[in-house]
Amino acid sequence: MIKLVLSDLDSTLIWRPDHVVTPFALDAIHAAQAAGVHFVPCTGRIYRDLPRMFAGDEAACATAVTSNGQLVYLDGELVEKVPIAREALLAVADELASVDDAYLVVEYGGEKVAVGADLDFVLAHPDNFWLVETAVPVVPEESCYKANVRVVGSYERCQEVAAALAEARPELDFVCPMPGTPHIDLTPHGFGKDHGGDFLMRRLGLTPEEVCCFGDAENDLAVLRHYPHSVAVANAVPAVRECARWHIGSADEEAVAHALLDIAEATAAGRMPSFMGA
C-alpha cells in the first residue's frame, strides 16, 4: 500500500497560472489524508509560499519537503535543514561577475536578494527577478537554504549558464526546475528532494515501497530515481518520462489529483492503486 505521497507542485499537481491548487485537488488531498496517506508537497519552493498555493488550506501542506530537500517540515514544524556552504555561493557569485545576463539570488529571512547586481537592472526585469527588490554586493554571512540563478534570456541560454556553472563549480548542482523558465536552482552536489523524502519516510516508519512520488522536471529526477513507485505526468520533460516507472495524464487534466483519489481508495482497501496496474 502507498502511505506517503511526494508531489511536485508547478506543472505537476498545479497547472493554473496563479499557481494555486484547484478545489478538486484539495478534496483529493484530504481524501488521501483521511485514508491514512501522508501527502507531502515536494518542491523547490520555500515553505512560506505553500499556504497561498494551497488556497490557505494549511492542513494540506503542513508536512512538506521544500527548497529541493534542504528544508523539511512535519506537521508544520521544521525538522531538518541543510544549508548551502557560503564559500560555494561566493564562488558562484564570482563566476557570474563576468556574465552580464545572470545573477545569483539568495534568500534570507523571507527576503530574496540579488548578489552583485545592479538594482536598476533587477527592477527592470520583474519577470526574471520576481519578488526580488533588493541587491547586495556580496553573499550575506547567514546560513542559506534557498539559492538560484536568474537568467535574463531564453531557456536555452539558461541551460548554457547552468552547464557552465556545473563545470566550474562541481561542489554544487545546477538544475533548471521549470521547463521554459530561465531559472536555475542551486543545491549541494548530489543532494535532492530524495533527502527530504527519506527523512520523512524514516521518521514515519515507512519503507520505500510505501512511497509514491510525482514529478515533471529536472529537479524531480533525484526523487523519481530513488523510489520504486515513481510517476511522471504527461507534460513532463523527456528525461522524467524516461525515468518514471508509471505514467499518468497531464497536469491540466488534474491527473495527480485523480491519482490521489485512486491511492486513497486503494490504501483504504489494503491494495495498490489501479494506475500502478493493481
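(A) The arrangement of the overall build of the chain in detail. Along the chain, the regular secondary structure elements total nine helices and 14 strands. Against the 2.2 N^0.38 benchmark of 19 Å for 278 residues, the chain shows a C-alpha radius of gyration of 18 Å, consistent with a compact globule. Overall, the C-alpha framework of the chain stretches about 60 × 35 × 35 Å when taken along its three principal axes. Within the chain, contacts between residues separated by at least 24 positions form 58% of all contacts whose residues are at least 6 apart in sequence.

(B) Main features of the nonpolar core. Of all hydrophobic cores here, the largest spans 57 residues; its most connected members are Leu6, Leu13, Phe54, Phe214, Ile248 and Phe275. With seven residues, the top contributor of residues to this core is helix H9 (residues 255-269). Phe214 has contacts with Val5, Leu6, Ser7, Asp8, Thr12, Leu224, Val231, Ile248, Val256, Ala259, Ile263 and Phe275, leaving out every residue within four places of it along the chain. Membership of the second largest hydrophobic core comes to 27 residues, among which are Leu89, Ala102, Tyr155 and Ile184.

(C) Local environment of the packing of aromatic side chains. In total, this model carries six aromatic pairs according to the counting rule given. Here Phe39 and Phe54 contribute two aromatic rings whose centre-to-centre distance is 6.3 Å and whose plane-to-plane angle is 65 degrees, an arrangement assigned as edge-to-face. Here Phe54 lies in the loop between helix H2 (50-53) and strand S3 (64-66) and Phe39 lies in strand S2 (residues 38-41), a separation of 15 residues in the sequence. You'll find Phe39 and Phe54 in the same group, each marked buried. Judged by centre distance (6.2 Å) and plane angle (75 degrees), the ring pair of Phe121 and Phe129 falls under edge-to-face. Looking at Phe129, the relative accessible area reads 1%, which means it is buried. One aromatic cluster is present, formed by Tyr103, Phe121 and Phe129 through successive ring pairs. The cationic tip of Arg150 hangs over the ring face of Trp130; the distance from NZ or CZ to the ring centre is 4.3 Å.

(D) Inspection of the sheet that holds strand S11 (residues 183-188) at higher detail. Spatially, the six strands line up as an open sheet ordered S8-S7-S6-S9-S11-S10, and their pairing is mixed. Two strands lie at the open edges of the sheet, namely strand S8 (132-136) and strand S10 (172-175), each paired on one side alone. Taking each pair of neighbouring strands and ignoring which way they run, the sheet shows an average axis angle of 30 degrees. Taken together, the five bridges between strand S6 (residues 102-108) and strand S9 (residues 147-151) define a ladder with antiparallel strand orientation. In the strand pairing of S9, Ala102 is matched with Val151. Helix H3 (residues 86-96) contacts S6, strand S7 (111-115), S9, S10 and S11 of the sheet and is inclined by roughly 155 degrees relative to S6. Against the sheet, helix H5 (residues 155-168) touches S6, S9, S10 and S11, its axis set at about 135 degrees to S9.

(E) Geometry of the environment of Val231. Examined against the element boundaries, Val231 turns out to sit in strand S13 (residues 229-232). For Val231, a relative accessible area of 0% gives the class buried. With 76 residues separating them along the chain, Val231 and Tyr155 place their C-alpha atoms 25 Å apart.

(F) Geometry of H3. Every buried residue of H3 is listed here: Ala88, Leu89, Ala91, Val92, Ala93 and Leu96. Looking at the buried residues of H3, the elements they touch are S6, S7, S9, H5, S10 and S11.

(G) Spotlight on the packing of H3 against H5. Between H3 and H5, the shortest axis-to-axis distance is 11 Å and the interhelical angle comes to 125 degrees. Taken together, H3 and H5 sit at an angle that is classed as oblique. Between H3 and H5 the crossing geometry is right-handed. Contacts from Val92, Glu95 and Leu96 of H3 reach H5 at Val161, Leu165 and Ala168. Of the residues assigned to the contact of H3 with H5, the class counts are five nonpolar, no polar and one charged.

About the criteria used
Every chain is numbered on its own, with residues counted from 1 as its sequence reads. Given that the model is predicted, a residue must reach a pLDDT of at least 70 before its local features are reported, and side-chain atom pairs must reach 80 or more before they are shown or counted; all residues, however, enter totals for whole chains, interfaces and linings. Neither water nor hydrogens contribute to the side-chain values; these are computed over all heavy atoms in the structure. Secondary structure counts use DSSP, requiring at least four H or I residues in a row for a helix and at least two E residues in a row for a strand, with both numbered from the N terminus. The atom set for the radius of gyration is the C-alpha atoms, and the globule formula is 2.2 Å times the number of residues raised to the power 0.38. Every residue pair with non-hydrogen atoms within 4.5 Å of one another is taken to be in contact. Definition used in this section: a nonpolar core is a set of buried Ala, Val, Leu, Ile, Met, Phe, Trp, Tyr and Cys residues joined via side-chain atoms within 4.5 Å. Any residue under 20% of the maximum accessible area for its type is buried, any over 50% is exposed, and the rest in between are partly exposed; the area is computed with a 1.4 Å probe on protein chains only. Any pair of Phe, Tyr and Trp rings, taking the six-membered ring for Trp, is counted once the centres come within 6.5 Å. Such a pair is stacked with planes under 30 degrees apart, edge-to-face with planes over 60 apart, and tilted for the rest. Throughout this description, the term charge over a ring refers to an Arg CZ or Lys NZ atom that lies within 6 Å of the ring centre and within 35 degrees of the ring normal. Between any two strands, pairing holds if DSSP finds at least two bridges. To obtain each axis, a line is fitted to C-alpha atoms, and for helices this fit is confined to the stretch in contact; angles are then taken between N-to-C directions over 0 to 180 degrees. Put simply, angles under 35 degrees are roughly parallel, angles over 145 are roughly antiparallel, angles from 65 to 115 are roughly perpendicular, and the rest are oblique. Take the far helix as the reference: if the near one is turned anticlockwise from it by less than a right angle, the crossing is left-handed, and if turned clockwise, right-handed. Under the scheme applied, nonpolar residues are Ala, Val, Leu, Ile, Met, Phe, Trp, Tyr, Cys and Pro; charged residues are Asp, Glu, Lys and Arg; polar residues are all the others, including Gly.

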